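Here are the chains, one letter per residue:
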Amino acid sequence: MSADLTRDDVIKVAALARLRLTDAEVDLFRDQLAAVLGHADDLASLGTDKVAPTAHPFALANVLREDVIRPSVDRDIVLAAAPDAQDGRFGVPRIVGEAP
Amino acid sequence: MRSAREIAQSVRGGASAREAVEAAVAAVAARNEELNVFLHVDAATALAEADAIDARVAAGEDPGILAGVPVAIKDNICQTGVPTTCSSKILEGWRPPYNATVIERLRAAGAIPFGKTNLDEFAMGSSTENSAYGPTRNPLDPSRVPGGSSGGSAAAVAANMTPLSLGSDTGGSIRQPAALCGLVGVKPTYGLVSRYGLIAFASSLDQIGPFAHSVTDAALLLEAISGHDPLDSTSLPEPAPSLVAHLNDGVAGKRVAWVRELVDGADESVVASVEKARNVLRDAGATIVELSIPELRLGLSAYYLIAPAEASSNLARYDGVRFGQRVDGEDVTAMMEATRTAGFGAEVKRRIMLGTYALSAGYFDAYYGQALKVRTLMIEAFSRAYGEADMLLGATTPSVAFEFGSKTKDPMSMYLSDVFTIPTNLAGDAAISVPVGTGEAGLPIGVQLLGPGRSEASLFAAARVLEKAEGRS
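Note that this is a predicted model, so its numbers are computed, not measured.

Colleague: Please explain the overall build of chain B as it appears in this structure.
Modeller: In terms of regular secondary structure, chain B is built from 15 helices and eleven strands. Taking 23 Å as the expected radius of gyration for a compact globule of 473 residues, we find that chain B reaches 21 Å, a close match to that expectation. Across its three principal axes, chain B shows a C-alpha extent of roughly 65 × 55 × 45 Å. Expressed as a percentage of contacts within chain B between residues at least 6 apart in sequence, the contacts between residues at least 24 apart total 76%. Roughly 14,500 Å² of accessible area belongs to chain B as shown, and the carbon and sulfur atoms make up 50% of that amount. On chain B, the mean spot of the 40 positive side-chain charges and the mean spot of the 53 negative ones are 1 Å from each other.

Colleague: Help me out: how do you make sense of the nonpolar core in this one?
Modeller: If you look at soluble globular proteins, the nonpolar side chains tend to sit buried side by side. Residues and elements named next belong to chain B. Grouped together as the largest cluster of nonpolar side chains are 164 residues, with contacts concentrated most on Leu66, Phe122, Leu166, Leu392, Leu449 and Phe460. By residue number, the principal contributor to this core is helix α12 (residues 365-388), which donates ten residues. With eight residues, the next largest nonpolar core counts Ala154, Val157, Ala178 and Leu183 among its residues.

Colleague: Is there a simple way to think about the packing of helix α7 (residues 215-225) of chain B against helix α15 (residues 456-469) of chain B in this case?
Modeller: The relative placement of two packed helices is expressed as an angle between their axes plus a distance between the axes. Residues and elements named next belong to chain B. Where α7 contacts α15, the axes come no closer than 9 Å and their chain directions differ by 160°. Here α7 lies roughly antiparallel to α15, going by the angle between them. For the pair α7 and α15, the contacting residues are Val215, Thr216, Ala218, Ala219 and Leu222 in the first and Glu456, Phe460, Ala463, Arg464 and Glu467 in the second. In terms of residue class, the contact of α7 with α15 is made up of six nonpolar, one polar and three charged.

Colleague: Please explain the packing of aromatic side chains as it appears in this structure.
Modeller: For any two aromatic rings, the description comes down to two numbers: the centre-to-centre distance and the angle of the planes. All names here are of chain B. In this structure the tally under the stated criterion is 15 aromatic pairs over all chains. Here Phe38 and Phe114 contribute two aromatic rings whose centre-to-centre distance is 5.8 Å and whose plane-to-plane angle is 90°, an arrangement assigned as edge-to-face. Of the two residues, Phe38 is situated in strand β1 (residues 38-40) and Phe114 in strand β3 (residues 112-117); the sequence distance between them amounts to 76 residues. Overall, Phe38 belongs to the buried group, its relative accessible area being 4%. Judged by relative accessible area, Phe114 falls into the buried class, the value being 1%. Summarising the aromatic geometry, the rings of Tyr98 and Tyr196 are spaced 5.3 Å apart at their centres and angled 45° between planes, so their arrangement reads as tilted. Highlighted residues: Tyr98 in the loop between β2 (70-74) and α4 (101-108) and Tyr196 in the loop between β5 (184-187) and β6 (208-212), separated in sequence by 98 residues. When its relative accessible area of 27% is taken as the criterion, Tyr98 is described as partly exposed. Judged by relative accessible area, which is 29%, Tyr196 ranks as partly exposed. Its guanidinium or amino end placed over the ring of Phe404, Arg137 lies 4.8 Å from that ring's centre, counting from NZ or CZ. A cation over an aromatic ring shows up here: Arg278 above the ring of Trp258, its NZ or CZ 4.9 Å from the ring centre.

Colleague: How do you make sense of the pairing of β5 of chain B when you look at a structure like this?
Modeller: Both faces of the sheet carry side chains from a regular strand, because those side chains alternate between them. All names here are of chain B. Alternating residues of β5 divide into Val184 and Val186 and Gly185 and Lys187, and every residue in both groups is buried. Here β5 pairs with β6 via two bridges, running antiparallel. Each residue of the ladder has a partner; that of Val184, found in β6, is Ala212. Inspection of the sheet shows β5 paired to strand β10 (residues 430-438) by three bridges, in the antiparallel sense. Pairing of Gly185 across the sheet is with Ser433, part of β10.

Colleague: Hey, could you run me through the interface of chain A and chain B in this one?
Modeller: Often, the extent of an interface is quoted as the loss of accessible area on bringing the components together. Of the residues lining the interface, 53 residues belong to chain A; the matching set on chain B comes to 62 residues. The junction of chain A with chain B conceals about 4,900 Å² of combined surface from both sides, 71% of it contributed by carbon and sulfur atoms. Contact with chain B buries area across many residues of chain A, yet Arg18, Arg20 and Leu43 of chain A alone supply 14% of it, more than any other trio. Our count for the chain A to chain B interface comes out at one salt bridge. The interface formed by chain A and chain B holds 18 residue pairs in polar contact (both at pLDDT 80 or more) in total. Put simply, the parts of the chain that give the side of chain A that touches chain B at least two residues each are α1 (7-16), α2 (23-44) and α3 (75-80) of chain A. Examining the composition of the side of chain A that touches chain B, we find that twelve residues originate from one element, α2 of chain A, more than from any other. Its residues assigned to classes, the side of chain A that touches chain B shows 36 nonpolar, seven polar and ten charged.

Colleague: When you look at helix α1 (residues 4-12) of chain B in this model, what are you seeing that I'm missing?
Modeller: Side chains three or four residues apart in an α-helix point the same way, a direct result of the helix having 3.6 residues per turn. All names here are of chain B. Along α1, the residues that are buried comprise Ala4, Ile7, Ala8 and Val11. Buried residues of α1 fall within an arc of 95° about the axis and therefore sit on the same side. Lining the buried residues of α1 we find α2 (17-35), α3 (43-58), β4 (164-168) and α7. After α1 finishes, the residue Gly14 shows a positive phi value of roughly 110°.

Colleague: Whenever I open this one, the packing of α1 of chain A against α2 of chain A confuses me. Can you help?
Modeller: Residues and elements named next belong to chain A. Packing of α1 against α2 leaves a shortest axis separation of 9 Å and a crossing angle of 105°. Accordingly, the angle class assigned to the pair α1 and α2 is roughly perpendicular. On the side of α1, the interface is formed by Arg7, Val10 and Ile11, while α2 contributes Asp23, Val26, Asp27, Phe29 and Arg30. Partitioned by chemical class, the residues of the contact of α1 with α2 number four nonpolar, no polar and four charged.

Cut-off values and rules
Residues numbered from 1 in each chain as written. Chains lettered and ligands numbered in written order. Predicted model: local features only at pLDDT ≥ 70, side-chain atom pairs only at ≥ 80, totals over all residues. Heavy atoms only, no water. Helix = DSSP H or I, 4+ residues; strand = E, 2+ residues; numbered from the N terminus. Rg over C-alpha atoms; globule rule 2.2 N^0.38 Å. Contact = heavy atoms within 4.5 Å. Areas by Shrake-Rupley, 256 points an atom, 1.4 Å probe, with all protein chains shown as cover. Lys, Arg positive; Asp, Glu negative; His and termini not counted. Charge placed at Lys NZ, Arg CZ, Asp CG, Glu CD. Core = buried A, V, L, I, M, F, W, Y, C linked by side-chain atoms within 4.5 Å. Buried < 20%, exposed > 50% of the residue type's maximum accessible area, 1.4 Å probe, protein only. Axes fitted to C-alpha atoms, helices over the stretch in contact; angles between N-to-C directions. Parallel < 35°, antiparallel > 145°, perpendicular 65-115°, else oblique. Nonpolar A, V, L, I, M, F, W, Y, C, P; charged D, E, K, R; others polar. Phe/Tyr/Trp six-rings, centres within 6.5 Å; stacked < 30°, edge-to-face > 60°. Lys NZ or Arg CZ within 6 Å of the ring centre and 35° of its normal. Pairing = 2+ DSSP bridges. Buried area = accessible area lost by both parts, 1.4 Å probe. Salt bridge = Lys/Arg side-chain N within 4 Å of Asp/Glu carboxyl O. Polar contact = N/O pair within 3.5 Å; in protein donor to acceptor, adjacent residues only side chain to side chain. Arc of directions from axis to C-beta.

So, in C-alpha cells, the structure goes:
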C-alpha cells in the first residue's frame, strides 16, 4: 500500500490537515510517511477478521452528573486569550464572499 | 539535594519551605542556561507560596505529604496565568485560564509548582530535540539527549534543580527519559491520574506521571496526584491508591516474567542490566518465569497509526481562532493554513499528516481500523501473560542516552527508542522504570517493570527491591 504513496496524496492530505508544504517538504514527507506506513503494512497481513477493534483501553460508558449550574471560566477571560475578539465573540476573517 | 520525603518531613516539623525553594532557584540559576531545562520559572511566586506554607505550619496546620516540595511541571500541563507552550510556537504567549487537576492536587498536598519544563513539541518525540525553544541537554552528559518527550522534567530532577517533576507518557515519554537520566519514572494505569488540563496529544494513551531520584519520592508524588476526578470522564472511579505504605512489601512469592520481546534488540549492557535485575528479584524471593509475547512486536506499528490519528484530531483546535498565535490570511481557511504552517514544527506536521492519512477515506480500515484490532490482540496477549506472571521484566530503552542529531534524520530510528515502552500505553496498563547498572561512558540504564492496570503498589515494591540492591536510598 504505502509504496504507492504519491506526491499528490501528500498534497491532498496536507490540504485536509490545513497545512501548506513547500515542494521540498512534499518530497521529504512522501519518503518519510512511506517509510512509517511500510512498517504499518506488517499489520495488514494479520488475520484479524474476527477481532474487535479497541479504541480505548477501558470499556467506557457515558459518564453523567447532576445537571446543576456551576461556575466556569468567565467569557471575558476566554476572549482575552483570543487573537481577535469583537462584541463578545471570537473574530475571524471573512468566511463566505460578499453578497453580489 | 535533599529528597522530597526529607524536605516534606522537615517542613512539616517547622523547617523552612522557603529554603527548599531558594535551593531550587539557585540550582536553576547555575545550570539552566547550559541545559535549557525550564522554559519559564517565576521564582517570586514560588517563594511566596513557600512563605504561605511556612505560615501555615507556624499556625499549627499540616500542609500535606509534599509540604514545601518544589515540583517541576512539564509545559503541556495547564497552570492558571502561567505561560504554557507545549514547546510550540503556536501557543507562544498563551496563559491558561484554569489549572490542571494535578496542579490543584499538588497544592492540596503542600507542594509548590515550580516552573515549566521543556519537551518535544506537543510531546511528540524521544529526545526533546523537537522543541521550538531549543533542545534540553542531559545533565549527566551535556553532549547527549535527556530523552523525551518529557526531557526537561527528567533533566530538572537529574540536575538536582527540583527533587520531583511531572511528565506525561503517551508511548514512553516518562520512562524513556527517566532511563536516560538515571531516574525513577512511572507511567501510571490509564485513568489513575486526571488528564484534565493536560494538553491532549493522543487521548486514549496520554497519562501524567512522576519523575524522582527514588522509588519512595515517586510514590509520594503519585499518591498526591492520583484518584478520581469528576472533570475527567476517563478517570478511574476509586480514590488514590496507597503506595507509600506498601513500599517495603518486597517480591517474595511474586511471579516475575523475563519477556524475550522486552529485551530483544537492546544493547548488551542493557540486557546485562535486565539480567542483573532478574537475579536480584529471584534472590529476594520472586519466582522467575520465561515468556514470549510475540504481539508486543506489533506495538510500534500500531502506535504510529493510533497516536498520530488521535493527534491529527486533537491538534485541529490550533486554528488561530480561540487562543495562541494567528497568522493573517485573506479568508478564514487561508488564515488557518498560514497559522498552522507557521506555528507547527516538522515532527508535529509529520504526525498530523500521518494521522490524517490513516483516517482518510479509502485508508481508514486498512490503517487505523487495523491498528485498533491489533490493539485488541495486544491487550489479550498481556492478559494471558498476567495469568502466568504478576509482573513483566524488560528493558526500558534499547540503549543509553544518545548523542544530539544521531536520530533526527530518520524518524523511524527515533521511533524505535520507544519500542519497549509503547505496549503498556496501548494496553492502558502501568509500568515503572528504575535505574539498574550502567553502560557506555558510565551512563545509566533503566530496567522496566510492567504490570496490569492498578498494579502500582506491587510494581513500586519490586522497584524498591531493585533500588536497594543498587545501593540507592
